[in-house]
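# Topology and contacts: notes
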Amino acid sequence: MRLRTVLIAATATVALASLAPAARAQDPGLAYPATSEMSDTKLGSVLFFNLYSSGIDPSVDETHFAITNGDGTNAQRVRIFLVDGATGSALSTPLCLGPNQTFGLNASQVDPGVRGWIIAVAVDVNGCPLGTEANVLSGLAHVKLAEGFRGTLPAVAVSSLFSGTLPGCDANSTTAALSFNGVSFNRLPRLASVDNFPSRADGTRQLLVVNRIAGNLGTTTSSIGKIVGNLWDDAESRHGYVMLAPASQLVAELMNGTPVTAPPMETVVSAGRTGWTRIRIFGGDIAHLGAVLFTPPNGAMNLPTSTLSAASSLTMPVSAPGC
Amino acid sequence: MLKRARLLFLLAIVAAPKLSVAAEPGLVYPLASEASDQRRGNVLFYNLFTSKAANPAAEDTRLTITNHSETSANFVHLFFVDGTSGLVASNFICLTAAQTASFRASDVMPDFRGYLIAVSVDGVVGCPIGDTFQTNSNRLSGQAHVKSGKFQGTLPAVAAAALFNGVQPGCDANSVTSTLRFNGVNNDGYTRLPRSLGLDEIRSRTDGHAVLLVLNHIAGDLSGGLNPMGGVSGALLGFTGATFPFNFNVVKSQKFTQISNSFPVTTPSFTTVIPSGTTGWARFANTSDVPLLGAALFKGAGGVNLRSRTLTSNGTLVFPVESPSC
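Residues numbered from 1 in each chain as written. Chains lettered and ligands numbered in written order. Predicted model: local features only at pLDDT ≥ 70, side-chain atom pairs only at ≥ 80, totals over all residues.

### Details of the overall build of chain B
- Along its length, chain B carries two helices and 23 strands.
- Since a compact globule built from 326 residues should have a radius of gyration of about 20 Å, the 20 Å found for chain B is in line with a globular shape.
- The principal-axis extents of the C-alpha atoms in chain B amount to approximately 60 × 45 × 40 Å.
- When the 326 residues of chain B are sorted by exposure, 59% land in the buried category.
- Of the contacts made within chain B by residues no fewer than 6 positions apart, 78% connect residues no fewer than 24 positions apart. (Helix = DSSP H or I, 4+ residues; strand = E, 2+ residues; numbered from the N terminus. Rg over C-alpha atoms; globule rule 2.2 N^0.38 Å. Buried ≥ 20, exposed ≤ 12 C-beta atoms within 10 Å, placed from the backbone. Contact = placed C-beta atoms within 7 Å.)

As structure tokens, then:
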């Protein structure tokens, strides 16, 4: 566990101290089913922020991220893990949100000089993952990168599918398994796509972000290894490729050589043309999440899902959030 | 009045591809999963397009659409909804297997602002089609890359999936119109749409931040015009969670405005609810039981579709049945 934990914990305590009287108004309409697959347009008990970055100069490389408790009645305890995309090690901190409360902060305040991804998990008083009653969290990240990209990435929300506390987790537990298997939590993507991108020859650039969601948040998360994909031009010709990705996060600008295609990418997607690509992690049934940033115009989006995996699991340390 | 233009998009449907048919590894994404901008579908909602013909460098939108099927072409009926009048300009785009396409709003709808609905149809009659073959399910996806002055961002299209196989039940060669029902009913309609929405975070305007809000009313007649939005209720929530309700009425089918002290009207006003150094959030719902879609663009920081908080099964759109012109 990295050392900067204390700082963000102190920040979170400030938010906790200002709990507000709850509004009890309910949204009109039908309840959103927890079984609907993970999405960045729903609420959940687990949030994935696909990218945070904080460079040497926060005026050009910074991320502001926010987490909102959409429940007007109940406070929520949240355990946040900031995963270093290069090493896979995670910084952990609790965050306590009153009813309807939102909390935002800059990555440079809590994890300067690091680029990676964030997972936020709703937990109970012991730090065990919570069930369907905690499917009320949402969030977003405003990302600004030294490479010249900027955009807003909504957090991908995953719903709990059980009630109460995660079965098997209690005050004596030191770890808990987050199983994204469609039984405990929603499943995660196995195959995803960048649906359309124009040619670099037309002055546009795209930055691909891929995160492997596996491993142990108390030690290190798993490395990606290899990404396999297909690139199509706008005349539906397909070109296969393999990319090496030795860390838990890949951040790579799409260009000649990244990935290596035959012919090169900028020949496949030549001036005035567009292409698209579909990716997965090589080596079996492995889940991932990802995003793509565009410029110009500036923008970002999480990758759309093509197919799902029920095999992803993350081990998280269990410790009382203290609120 | 908008002209109903056709034949603008004639892509290479005649160039039959010779593709290998590779199964996608992984578990099939369930059709019944609710509408989302991270899934593929048979109906796409692009929450915003805008363009200024005189200055597309400052205001324009690049719209994209991709057919994920590696084996089948996809015929798509496009409806550009003028956000002011609700009037509709329609068109077709025909995509070969695994084809992607893009076009600029300044080329096809210059000087208009609104939202785009794309409906997958059969290639002969033009009836809405669904999951003909399991491997071809959830075929379409799309994006809108929006530039509007100091606001710019990427808004992926919100996709709804058809819950019927083949041609929509009740639609045939004699049909003049059909009804798209976003009711979540198998063998009848499409996945449901949001009734209430959340905007996850709003930073203080006093600190130089600005948020451009887009709300779209999804009800009416795609052959005639979309209905005005009508009443919207919601709340602005300060960083402590304190709630400040508001109501407003929209006589257009799209609300497009910055969040400020004058909109939405709250007591106290916006910059008091979210003062310098703090953040808040907001939620919105149509006062009628009809779908509401929306997005937000952040000054200098991108954009997002608004998050669905609850759903409605009452969404309907009257749909003109016309043979694809490609």
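### So, the overall build of chain A
- Along chain A, the regular secondary structure elements total three helices and 22 strands.
- A globule of 323 residues ought to have a C-alpha radius of gyration of about 20 Å, and chain A, at 20 Å, matches this closely.
- Counting only C-alpha atoms, chain A reaches 60 × 40 × 40 Å along its principal axes.
- Burial statistics for chain A: of 323 residues in total, 60% are counted as buried.
- Considering only intrachain contacts with a sequence separation of at least 6, the fraction spanning at least 24 residues in chain A is 79%.

### Considering the interface of chain B and chain A
- Opposite the 67 residues of chain B that make contact, chain A presents 65 residues.
- Of the residues belonging to the side of chain B that touches chain A, the class tally is 23 nonpolar, 32 polar and twelve charged.
- Bridge count between strand β21 (residues 305–309) of chain A and strand β1 (residues 27–28) of chain B: two bridges; the pairing is antiparallel. When the sheet's bridge partners are listed, threonine 307 of chain A is paired in β1 of chain B with valine 28 of chain B. (Nonpolar A, V, L, I, M, F, W, Y, C, P; charged D, E, K, R; others polar. Pairing = 2+ DSSP bridges.)

### With respect to the sheet that holds strand β10 (residues 156–158) of chain A
All names here are of chain A.
- Taken in spatial order, the five strands make up an open sheet running β5-β4-β7-β2-β10, and their pairing is antiparallel. With partners counted over all chains shown, the strands left at the sheet margins are β5 (90–97) and β10, one partner each. Strand-to-strand, the axes of this sheet are offset by a mean angle of 25°, without reference to chain direction.
- Taken together, the six bridges between strand β2 (residues 46–53) and strand β7 (residues 115–123) define a ladder with antiparallel strand orientation. (Axes fitted to C-alpha atoms, helices over the stretch in contact; angles between N-to-C directions.)

### Re the domain arrangement of chain B
All names here are of chain B.
- By domain assignment, chain B separates into domain 1 (43–193) and domain 2 (194–310).
- Each of domain 1 and domain 2 has a C-alpha centre, and the two are 24 Å apart.
- On the domain 2 side, the residues contacting the 27 residues of domain 1 number 26 residues.
- Looking at the side of domain 1 that touches domain 2, the elements that each hand over two or more residues are β2 (43–50), β4 (74–82), β7 (113–121), β8 (140–148), β9 (151–156) and β11 (177–182).
- Considering each element in turn, the side of domain 1 that touches domain 2 owes the most residues, five residues, to β9.
- Looking at the side of domain 1 that touches domain 2, its residues break down into 15 nonpolar, ten polar and two charged. (Domains from an automatic or database assignment.)

### Quick look at the domain arrangement of chain A
Residues and elements named next belong to chain A.
- Domain boundaries assigned for chain A yield domain 1 (5–22 + 33–187) and domain 2 (189–314).
- Summarising the inter-unit geometry, the C-alpha centres of domain 1 and domain 2 are found 24 Å apart.
- Listed as interface residues are 34 residues of domain 1 and, on the opposing side, 30 residues of domain 2.
- Those elements that place two or more of their residues in the side of domain 1 that touches domain 2 are β2, β4 (76–84), β7, β9 (150–154) and β11 (175–180).

### A few points about the environment of leucine 166 of chain A
Residues and elements named next belong to chain A.
- Along the polypeptide, leucine 166 turns up in the loop between β10 and β11.
- The spacing of leucine 166 and alanine 177 is eleven residues in sequence and 8.9 Å in space, taken between C-alpha atoms.
- Beyond its immediate stretch of four places on either side in the chain, leucine 166 contacts Cys128, Pro129, Ala176 and Ser184.

### Some points on the nonpolar core
- One finds Phe49, Ile118 and Val292 of chain A together with Tyr46 and Val76 of chain B to be the most contacted residues of the largest nonpolar core, which totals 195 residues.
- The element contributing the most residues to this core is β7 of chain A, with seven residues.
- Those residues within four positions of tyrosine 46 of chain B in sequence are excluded, and the remaining contacts are Leu63, Tyr115, Leu116, Gly142, Ala144, Leu155 and Ala157 of chain B. (Core = buried A, V, L, I, M, F, W, Y, C linked by C-beta atoms within 7 Å.)

### Here's the deal with the environment of glutamine 143 of chain B
- Turning to its location among the elements, glutamine 143 of chain B is positioned in strand β8.
- On a C-alpha basis, the gap between glutamine 143 of chain B and glycine 234 of chain B in space is 27 Å, while along the polypeptide they are 91 residues apart.
- In this structure, glutamine 143 of chain B is in contact with Asp195, Asn196 and Met301 of chain A together with Thr64, Thr154, Pro156 and Ala157 of chain B, ignoring residues within four places of it in sequence.

### Topic: the pairing of strand β23 (residues 315–320) of chain B
Residues and elements named next belong to chain B.
- Residue alternation in β23 divides its side chains into a buried set, Gly315, Leu317 and Phe319, and an unburied set, Thr316, Val318 and Pro320.
- Alignment of β11 against β23, held across six bridges, turns out to be antiparallel. Residue pairing in the sheet places serine 178 in a bridge with phenylalanine 319 of β23.
- As paired strands, strand β14 (residues 220–221) and β23 are joined by two bridges and run parallel to one another. Each residue of the ladder has a partner; that of aspartate 221, found in β23, is valine 318.

### Here's the deal with unusual backbone geometry
- A cis amide bond links threonine 295 of chain A with the next residue in sequence, proline 296 of chain A, at an omega value of -20°.
- Residues phenylalanine 263 of chain B and proline 264 of chain B are joined by a peptide bond in cis, for which omega reads -15°.
- Phi at asparagine 100 of chain A is positive, roughly 65°, even though this residue is not glycine.
- Residue asparagine 187 of chain B is not a glycine yet carries a positive backbone phi of 60°.
- Residue placement: asparagine 187 of chain B occurs in the loop between β11 and β12 (193–203).
- C-beta crowding within 10 Å serves as the criterion here: with 10 such atoms nearby, asparagine 187 of chain B is assigned to the exposed category.

### Some remarks on the sheet that holds strand β22 (residues 307–312) of chain B
- Taken together, six strands build an open sheet; the order of strands is β1(A)-β22(B)-β12(B)-β19(B)-β16(B)-β17(B) and the sheet is antiparallel. Each having just a single partner strand, β1 (30–31) of chain A together with β17 (243–250) of chain B make up the two edges of the open sheet.
- The pairing of β12 of chain B with β22 of chain B spans five bridges and is antiparallel. Each residue of the ladder has a partner; that of glycine 198 of chain B, found in β22 of chain B, is arginine 307 of chain B.

### Observations regarding the confidence of the model for chain B
Residues and elements named next belong to chain B.
- Model confidence for chain B is summarised by a mean pLDDT of 90, while 91% of its residues fall at 70 or above.
- Taken together, the stretch residues 1–21 has pLDDT below 50 and engages in 42 contacts with residues farther than four places along the chain or on a different chain.
- As scored by the predictor, the complex reaches a pTM of 0.93 and an ipTM of 0.91. (pLDDT = per-residue confidence, 0-100.)

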